[in-house]
Amino acid sequence: MHRVIQVQQRDFELAEHYEMIRQHCGEAVGAIAAFVGLVRDHNSHAGDGGTVGSLALEHYPGMTESSICQIVDEAEQRWPLLAVTVIHRVGELQPTDQIVLVVVASAHRSAAFAAAEFIMDYLKTRAIFWKKETSDQGVTWVESTLGDQQRASAWSD
Amino acid sequence: MHRVIQVQQRDFELAEHYEMIRQHCGEAVGAIAAFVGLVRDHNSHAGDGGTVGSLALEHYPGMTESSICQIVDEAEQRWPLLAVTVIHRVGELQPTDQIVLVVVASAHRSAAFAAAEFIMDYLKTRAIFWKKETSDQGVTWVESTLGDQQRASAWSD
Amino acid sequence: MITVKFFASLREAVGHDHVTLDADTLPRLRSALAERLSKEAQQALWADGVRLAINQQFLASDWRTCDDSVSPSAEIAFLPPVTGG
Amino acid sequence: MITVKFFASLREAVGHDHVTLDADTLPRLRSALAERLSKEAQQALWADGVRLAINQQFLASDWRTCDDSVSPSAEIAFLPPVTGG
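Residues numbered from 1 in each chain as written. Chains lettered and ligands numbered in written order. Predicted model: local features only at pLDDT ≥ 70, side-chain atom pairs only at ≥ 80, totals over all residues. Heavy atoms only, no water.

Peer 1: Tell me about the interface of chain A and chain D, residues and numbers included.
Peer 2: Counting residues at the interface gives 24 residues for chain A, matched by 19 residues for chain D. For the pairing of chain A and chain D, the buried interface totals around 1,800 Å² over both sides, and the portion due to carbon and sulfur atoms is 56%. A per-residue breakdown of the area chain A buries against chain D is headed by Tyr 60, Met 63 and Trp 130 of chain A, which together make up 38% of the total. Across the contact surface, chain A and chain D share two salt bridges. Here Arg 11 of chain D makes a salt bridge to Glu 58 of chain A, at a shortest N to O gap of 2.4 Å. For the pair chain A and chain D, the interface holds 14 residue pairs in polar contact (both at pLDDT 80 or more). (Contact = heavy atoms within 4.5 Å. Buried area = accessible area lost by both parts, 1.4 Å probe. Salt bridge = Lys/Arg side-chain N within 4 Å of Asp/Glu carboxyl O. Polar contact = N/O pair within 3.5 Å; in protein donor to acceptor, adjacent residues only side chain to side chain.)

Peer 1: Describe the sheet that holds strand E4 (residues 81-89) of chain A, listing the residues and the values that go with them.
Peer 2: If you trace the eight strands from one edge of the open sheet to the other, you get E1(A)-E4(A)-E6(A)-E2(A)-E2(B)-E6(B)-E4(B)-E1(B), paired in mixed fashion. Two strands close off the open sheet at either side, each with one partner strand: strand E1 (2-8) of chain A together with strand E1 (2-8) of chain B. This sheet shows a mean twist of 5 degrees between the axes of neighbouring strands, independent of strand direction. Note: strand E2 (residues 31-38) of chain A against strand E2 (residues 31-38) of chain B, seven bridges, orientation antiparallel. By the bridge assignment, Ala 31 of chain A is partnered in E2 of chain B with Gly 37 of chain B. Along the sheet face, helix H1 (residues 14-25) of chain A touches E1, E2, E4 and strand E6 (98-106) of chain A together with E2 and strand E6 (98-106) of chain B and points at about 160 degrees away from the line of E4 of chain A. The sheet contacts of helix H2 (residues 63-78) of chain B involve E1 and strand E4 (81-89) of chain B, and relative to E1 of chain B the element is tilted by about 150 degrees. (Pairing = 2+ DSSP bridges. Helix = DSSP H or I, 4+ residues; strand = E, 2+ residues; numbered from the N terminus. Axes fitted to C-alpha atoms, helices over the stretch in contact; angles between N-to-C directions.)

Peer 1: For the environment of Ala 105 of chain B, give the residues involved together with the corresponding values.
Peer 2: By secondary structure assignment, the location of Ala 105 of chain B is in strand E6. Not counting residues within four places of it along the chain, the set of residues in contact with Ala 105 of chain B comprises Ile 21, Cys 25, Val 29, Ala 31, Ile 32, Leu 81, Leu 82 and Ala 83 of chain B.

Peer 1: Could you give an account of the environment of Leu 55 of chain B, with specific residues and numbers?
Peer 2: All names here are of chain B. Topologically, Leu 55 is positioned in strand E3 (residues 52-59). Sequence separation between Leu 55 and Cys 69 is 14 residues; the distance between their C-alpha atoms is 24 Å. In this structure, Leu 55 is in contact with Val 39, Gly 91, Glu 92, Leu 93, Ile 99, Lys 131, Lys 132 and Glu 133, ignoring residues within four places of it in sequence.

Peer 1: Which residues make up the pattern of salt bridges, and what values go with them?
Peer 2: What the rule picks out here adds up to 30 salt bridges over all chains. Between Asp 148 of chain B and Arg 109 of chain A there is a salt bridge, with its nearest N and O atoms 3.1 Å apart. On the criterion of chain membership, the pair formed by Asp 148 of chain B in helix H4 (residues 146-154) and Arg 109 of chain A in helix H3 (residues 109-125) is interchain, its members lying in two chains. For Asp 48 of chain C, the salt bridge is made with Arg 64 of chain C, and the minimal N-O distance between the two is 3.0 Å. Of this pair, Asp 48 of chain C sits in the loop between helix H3 (39-45) and strand E3 (51-54) while Arg 64 of chain C sits in the loop between strand E4 (57-58) and strand E5 (75-79); the two residues are 16 residues apart in sequence, bridging distant segments of the chain. A network of salt bridges, in which partner residues are shared, links Arg 109 of chain A together with Asp 121, Asp 148 and Arg 151 of chain B.

Dropping the structure here:
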């Protein structure tokens, strides 16, 4: 399986990774699902509608990449996938900035959708990142929400 | 809500529609889910592994666009969406060609994923298109599979 | 005279993408089609899963048994089972 | 001497991104940390949800009660609850 996993400060281009996967998979691919997470102004983690000024993402070089690899391994065991790309940014991010990209290719759309959503749910709860939000209400380290945890554990039911 | 619905012969660019949605939504968007369906070599509809030489897609101008609009309306009623783009190609298509693009933007990833998958499941079963496959096993008009119909009806449970 | 359109496999079965017929009700449409079309074409049209659209709206009931009247300016179309995506 | 890394909120609580300590078991690591760090920093490290990684692998058991030995070349890290995406 074609696999790209990158943790980087710089921005990414959805089109670049989409085309890379498309060229790699050739005639076998019937479905490509992509997801991009972006920094919102009203972040749910800021509680009662605090405005997010900026977000600082931190990681543990080496261990973070392994944690993403394990998530992709598990997705690959669950669904027949042709290619997976995960790009996760770190460093200082502002509202409207792209944070994370997941692209999954499969012969079938149900596998592509399920694997992309699974990878995102696990990135939220199991990948080794930390987020610090600076809003007009102060500075907080974000923790994964109960909803995030429930969505992630729903995959193991 | 920002909405683009197009039925066209010409190819489309995922990046163009992704950027259009991103610019439209500004700081409100936290999640963009995209899906592209492509012509595979071994199409499930060709039965026992027949090779798809080409695909001819036909539509009913006017009524097809309305059928897609109704699907997007229903998605909008179910989830809080910021933008939806659906591009569906018609005419002669070859393996590796893009057939359909769905892009959905929301504040939250679960809504973006669910709506994109819902729209695809309904496009498969309720949008007014017909597909004629030419393979080494002959020419057949494709019908939606039982699996497609079950996936679509699962949304109304 | 009303225009009746045929799509996809039905167009191929009928051999035309449309015909014009004199009919102001669905029963009259059925008899006009039965007169005009070959046995094979009729079989294709009368098959389960074929739907009739009037002015680009699906008829809610079965066109084979419905007695509704049809306006002479209506756009009638026969649609075989659909699949997109 | 082993290197102990602190990430995110734990780095801020401790005031350093790493310290070097003399400890060859987890019980000795705990007493070395208790000696070295402020009450606030200890509270942060000993909180529920904090996990210890040895050579970039999570320790399966609770670091606060585990008696494992630690190789002097090991890379030890304290990780607060994570969230990506």
